[in-house]
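Examination of the molecular architecture
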Amino acid sequence: MEHNKKYNYALNPRALVTGGAGFLGSHLCERLIKEKHDVICLDNFFTGQKRNVAHLVGNPYFELVRHDVTFPYYVEVDRIFNLACPASPPHYQYDPVQTTKTSVHGAINMLGLAKRTKARILQASTSEVYGDPSVHPQVESYWGNVNPIGIRSCYDEGKRCAETLFFDYYRQNSVEIKVVRIFNTYGPRMHPNDGRVVSNFIMQALRGENITIYGDGQQTRSFCYVDDLIDAFMLMMESSPDFTGPVNIGNPGEFTMLELAEKIIMLTGGKSKLVFMPLPADDPKQRQPDISLAKSKLGWSPKVSLEDGLSRTIEYFKDFI
Ligand code: NAD
Ligand code: UDP
Ligand code: UDP
């Protein structure tokens, strides 16, 4: 029988990835298979696509399952990565009640599964738990500034409640939890019409259309390339059991949306003009992760610069023009 020394398993560890056909989930499934896991990719295909994992179908270590995490799911696994949830504002605002259900009922079901199987479980939480932050850069000990009744609340409060459930299952049921707060991440396999800023700007620049700046473009975000984020997921999942997080994962390089637009125009060689549109409600003014905790506990820091990451992403989007 094969013995996996790294994980001390008699067989390959069995990993469940919810939201596995999405942008981040598809990269994670690929990485887990490379690292000799047996992977179940579970998705209801709301924002994810079969195309993202088509290259894995047929691999004996990969199974694709259509399922909605708001309903119970029974399977035997060792590791659960809970990523199911639409991530772009237009998508999570399309059916806000379902967004909250996905985060909250989805967390309960996956935590129930982790409790029964004694699997270790990682939650894809978000920098949105900090809301429109008054502490900058954001540290994990900051409790956040979230509007509970706004149009972003279904996502923000759903993710905050999921974190609460994770820590209550940890305290009450000794479930081994890992909570990762992800800051804006981009890369190949983002949906071209997903509505997030990187995909919007690249598609607009490649098509020679106007670039849509919401507000005055002075708001900031910090962008992490997907490969760096997946490295952090893997390190976090296999970190010491007493390290639960929450831990910030992101690239501290902070840019205004105007700077991002200029970089993308330069890298695509396009001639797009900037147009200014109304700023959506509750749009956070600034966001930058403090990653000291990830550095000290996981030995992780991002490696890919914004320019390199954008160039790779632009190559991917050229197929959609
Ligand atoms: P995505 O929209 O590409 O992926 C989400 C996946 O979840 C999709 O495949 C979707 O079909 C699936 N899904 C949605 N509802 C579901 C349900 N009820 N049951 C089963 N599957 C469902 O987004 P992404 O960027 O890959 O995000 C993945 C996770 O990471 C999300 O939980 C998101 O909140 C979190 N996150 C992402 C970012 C980022 O910048 N990409 C930042 C912070 C947090
Ligand atoms: N659950 C699941 N898969 C499992 C075990 C549990 O989907 O393998 C669901 C179950 O339907 C339940 C939820 O997880 O609603 C929470 O489980 P828990 O054991 O914490 O609570 P209870 O079963 O008492 O409601
Ligand atoms: N944004 C923009 N133009 C777009 C899409 C987004 O100026 O076409 C802005 C948006 O208002 C926000 C930032 O870019 O200030 C990041 O938006 P995104 O939806 O990517 O992520 P989030 O707001 O969730 O961080």
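Everything numeric in this text was worked out from a predicted model, so none of it was measured.

Points about the sheet that holds strand E2 (residues 38–43)
Within the open sheet, the 7 strands sit side by side as E3-E2-E1-E4-E5-E6-E11. Their pairing is parallel. Both outer strands of the open sheet, strand E3 (62–66) and strand E11 (247–249), are each paired with one neighbouring strand and no more. On average, each strand axis in the sheet is tilted by 20 degrees relative to the strand beside it, whichever way the strands run. As paired elements, strand E1 (residues 14–18) and strand E4 (residues 79–82) share 4 bridges and run parallel to each other. Across the sheet, Thr18 pairs through a bridge with Asn82, a residue of E4. Sitting on the sheet, helix H4 (residues 153–173) touches strand E5 (120–126) and strand E6 (177–182), and the angle it makes with E5 is about 155 degrees. Relative to E6, helix H6 (residues 226–237) is tilted by about 160 degrees, and along the sheet it contacts E4, E5, E6 and E11.

Looking at the site of ligand 2
Surrounding ligand 2, one finds Pro72, Tyr73, Tyr74, Ile108, Asn109, Gly112, Leu113, Lys115 and Arg116. For the shell around ligand 2, the class distribution of residues is 5 nonpolar, 2 polar and 2 charged.

Brief notes about the UniProt feature "domain: NAD-dependent epimerase/dehydratase" (unreviewed entry) in the protein
Here, UniProt's "domain: NAD-dependent epimerase/dehydratase" (unreviewed entry) annotation points to residues 15–250. Across residues 15–250, helical content stands at 35% and strand content at 19%; the span's end C-alpha atoms are separated by 24 Å.

Quick word on the site of ligand 1
Residues in contact with ligand 1 amount to 28 residues; listed here are only the nearest, Gly19, Gly22, Leu24, Thr47 and Gly48. Secondary structure elements with two or more residues in the shell around ligand 1: helix H1 (23–34), helix H3 (96–117) and E5. The leading source of residues in the shell around ligand 1 is H1, at 3 residues. Partitioning the shell around ligand 1 into residue classes produces 13 nonpolar, 13 polar and 2 charged.

Notes on the pairing of E1
A large share of E1 lies buried, amounting to 5 of its 5 residues. The alternating pattern of E1 places Arg14, Leu16 and Thr18 on one face and Ala15 and Val17 on the opposite face, and all of these are buried. As paired strands, E1 and E2 are joined by 5 bridges and run parallel to one another. The residue of E2 that forms the bridge with Thr18 is Leu42. The parallel pair E1 and E2 is bridged by H1, and the resulting crossover is right-handed.

Description of H1
With 12 residues, H1 ought to run about 16 Å at 1.5 Å a step, and its terminal C-alpha atoms sit 18 Å apart, in line with that. Judged by how many residues are buried, H1 sits mostly within the fold: 9 of 12 residues are covered. Contacts made by the buried residues of H1 are with E1, E2, E3, E4, strand E7 (185–186) and H6. Phi turns positive one or two residues past the end of H1, at Lys36, with a value near 65 degrees.

Reading guide: rules and limits
Residues numbered from 1 in each chain as written. Chains lettered and ligands numbered in written order. Predicted model: local features only at pLDDT ≥ 70, side-chain atom pairs only at ≥ 80, totals over all residues. Pairing = 2+ DSSP bridges. Helix = DSSP H or I, 4+ residues; strand = E, 2+ residues; numbered from the N terminus. Axes fitted to C-alpha atoms, helices over the stretch in contact; angles between N-to-C directions. Contact = placed C-beta atoms within 7 Å. Near = placed C-beta within 6 Å. Nonpolar A, V, L, I, M, F, W, Y, C, P; charged D, E, K, R; others polar. UniProt positions renumbered as here; feature names shortened; annotations may be inferred. Buried ≥ 20, exposed ≤ 12 C-beta atoms within 10 Å, placed from the backbone. Right-handed = clockwise from strand over helix to strand, strands pointing away. Expected span 1.5 Å × (residues − 1).

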